[in-house]
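Chain by chain, the residues run as shown.
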Amino acid sequence: MNPRNSLNFSGGPGALPESVLQQVQEAIMELPEIGLSVLGISHRSDWFAAVIAELETNIRTLLGLSTDYHVLLLQGGATQQFSMAPMTLLHGKTHAAEYLRTGYWSGKAIPEAKREGPIQVIWDGESSGFTRLPGDDELLFSPDAPFIHYSSNETVEGLQFHRVLGRDDVPRVCDMSSDFLSTPCEAERFSLIYAHAQKNIGPAGVTVVLIRDELLKDAPDNLPGFLDYRSHVKAHSNFNTPPVFAIYVVLLVTRWLLNDIGGVANMHQINRSKAELLYRLLDQSNGFYRGRAAVPDRSTMNVTFNLASPEMEKRFLAEAAAAGFSGLGGHRAVGGIRASIYNAVTLQAVERLAGFMDDFQRRAV
Ligand SMILES: *Cc1c(COP(=O)(O)O)cnc(C)c1O
């Protein structure tokens, strides 16, 4: 059964605000200010130059980002950044860059970085089944590392750092793909932040990169043009044909964050209320729903849990889908259940899910 008007709890591509989808629907037929479909507008038009400029300004405003940083809109997803960041920062280095392996996605970054130069995994969550994150007492950062790399939110496992890691004298590189613009993230404490759009801020096809200008001065000169951040800086994110549509949708999402939500601090409050509602339900279920992540490391974006048996989980997922809750199956790497409650998932939608879960438990026990 495939009910209409399902609520999207998918890990990604994620939900988008309804008001944004309505504007997109109109823009696909005709952008009122242009008289053409957004799908057929030149990336060399004044209109698109203004889209890039406004989106850049909105991201700077939302995160309080100074002109020490470039705001880039790239392709290739977060996966391309797994390579592009070390290609830029690790070239010719003798000291190892420090990587944290806290789950599926930060783990994917490691073999890519290894191709580019020396790296060291300074913490590995495998022995604890990726159910928790390291405390400060478990982390020793070297002052000689060219940079540290970690993921702020492990989308698959539902683990999130609620603090900034590392030393202020070593550049921080962070994959924020699944919690970008969900919270004020102290962006200026990082040297490079990357986040593809399709979890929290738009459709697939565009990846936001924030990079401190001084990081570019030692970049090697023999990089392919497309993989050299400086090409994209010079071309104002218009180096080759960019994904105009995806970038436009991200612009609409940033307008929504600024004008409807009132900024990322407000967004964070809403996200916290949503997450607290679900975690409280897990904790008060007498073990019927078993939260996966250690309590201090629980993600506000991806709520992961198990039921007593795989059969019970299958039944839960089938009944949830039939009741109009979509995308609750855990990532294929870990199974179980995952409720992804990105920015655009409303408190009301989460309340409806909680109501369903409550009811399911009552019927099952
Ligand atoms: C989904 C995800 C990725 C993979 O992104 P692609 O755009 O598909 O390359 C990387 N990192 C995190 C944290 C993710 O959630």
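This one's a predicted model, so the numbers in the text were calculated from it and none came from an experiment.

> Can you break down the overall build of the chain residue by residue, with the values?
From N to C terminus, the chain includes nine helices and 14 strands. The C-alpha atoms of the chain give 21 Å as radius of gyration, which agrees with the globular expectation for 365 residues (21 Å, within 12%). Seen through its principal axes, the chain has C-alpha atoms that stretch 65 × 55 × 30 Å. Buried positions account for 55% of the 365 residues belonging to the chain. Per element, the accessible surface of the chain, about 15,700 Å² overall, is 49% carbon and sulfur. Here the chain contributes 32 positive and 40 negative side-chain charges, whose respective centroids are spaced 5 Å apart.

> For the packing of helix 1 (residues 18–29) against helix 6 (residues 244–261), give the residues involved together with the corresponding values.
It is at 10 Å that the axes of helix 1 and helix 6 come closest, and there the two elements cross at 145 degrees. Regarding helix 1 and helix 6, the two cross each other, and that crossing is right-handed. The residues of helix 6 that touch helix 1, namely those facing Ser19, Val20, Gln23, Val24, Ala27 and Ile28, are Phe245, Tyr248, Val249, Leu252, Val253, Trp256 and Asp260. Grouping the amino acids of the contact of helix 1 with helix 6 by side-chain chemistry returns ten nonpolar, two polar and one charged.

> With reference to specific residues and values, describe the nonpolar core.
Nonpolar side chains tend toward joint burial in soluble globular proteins. The biggest cluster of nonpolar side chains holds 62 residues, and the ones touching the most others in it are Trp47, Leu100, Tyr150, Phe180, Leu210 and Tyr248. Residue contributions to this core peak at twelve residues, all from helix 6. Both of domain 1 (20–261) and domain 2 (263–364) provide at least three residues apiece to this core. In terms of nonpolar packing, the next biggest core, distinct from the first, is built from 30 residues, Leu282, Phe305, Ile337 and Ile341 among them.

> Which residues make up the site of the ligand, and what values go with them?
Residues in close proximity to the ligand total 14 residues, the closest being Thr79, Thr155, Asp175, His196 and Lys199. Contact distances for the ligand include 2.6 Å between an oxygen atom and a side-chain N or O atom of histidine 196. Take the shell around the ligand: its biggest share by element is four residues, from helix 3 (residues 77–89). Its residues assigned to classes, the shell around the ligand comprises three nonpolar, nine polar and two charged.

> An account of the sheet that holds strand 12 (residues 302–306) is needed here, citing residue identities and associated values.
One open sheet accounts for three strands, arranged 11-12-14; its pairing is antiparallel. Each end of this open sheet is capped by a strand with a single partner; those strands are strand 11 (290–291) and strand 14 (337–340). Across the sheet, helix 7 (residues 264–283) lies against strand 11, strand 12 and strand 14, angled at about 15 degrees from strand 12, the strand it touches most.

Thresholds applied
Residues numbered from 1 in each chain as written. Predicted model: local features only at pLDDT ≥ 70, side-chain atom pairs only at ≥ 80, totals over all residues. Heavy atoms only, no water. Helix = DSSP H or I, 4+ residues; strand = E, 2+ residues; numbered from the N terminus. Rg over C-alpha atoms; globule rule 2.2 N^0.38 Å. Buried < 20%, exposed > 50% of the residue type's maximum accessible area, 1.4 Å probe, protein only. Areas by Shrake-Rupley, 256 points an atom, 1.4 Å probe, with all protein chains shown as cover. Lys, Arg positive; Asp, Glu negative; His and termini not counted. Charge placed at Lys NZ, Arg CZ, Asp CG, Glu CD. Axes fitted to C-alpha atoms, helices over the stretch in contact; angles between N-to-C directions. Left-handed = near helix turned anticlockwise from the far one by under 90°. Contact = heavy atoms within 4.5 Å. Nonpolar A, V, L, I, M, F, W, Y, C, P; charged D, E, K, R; others polar. Core = buried A, V, L, I, M, F, W, Y, C linked by side-chain atoms within 4.5 Å. Domains from an automatic or database assignment. Near = heavy atom within 4 Å. Polar contact = N/O pair within 3.5 Å; in protein donor to acceptor, adjacent residues only side chain to side chain. Pairing = 2+ DSSP bridges.

Interpretation note: all reported values are geometric properties and have no functional meaning in isolation.
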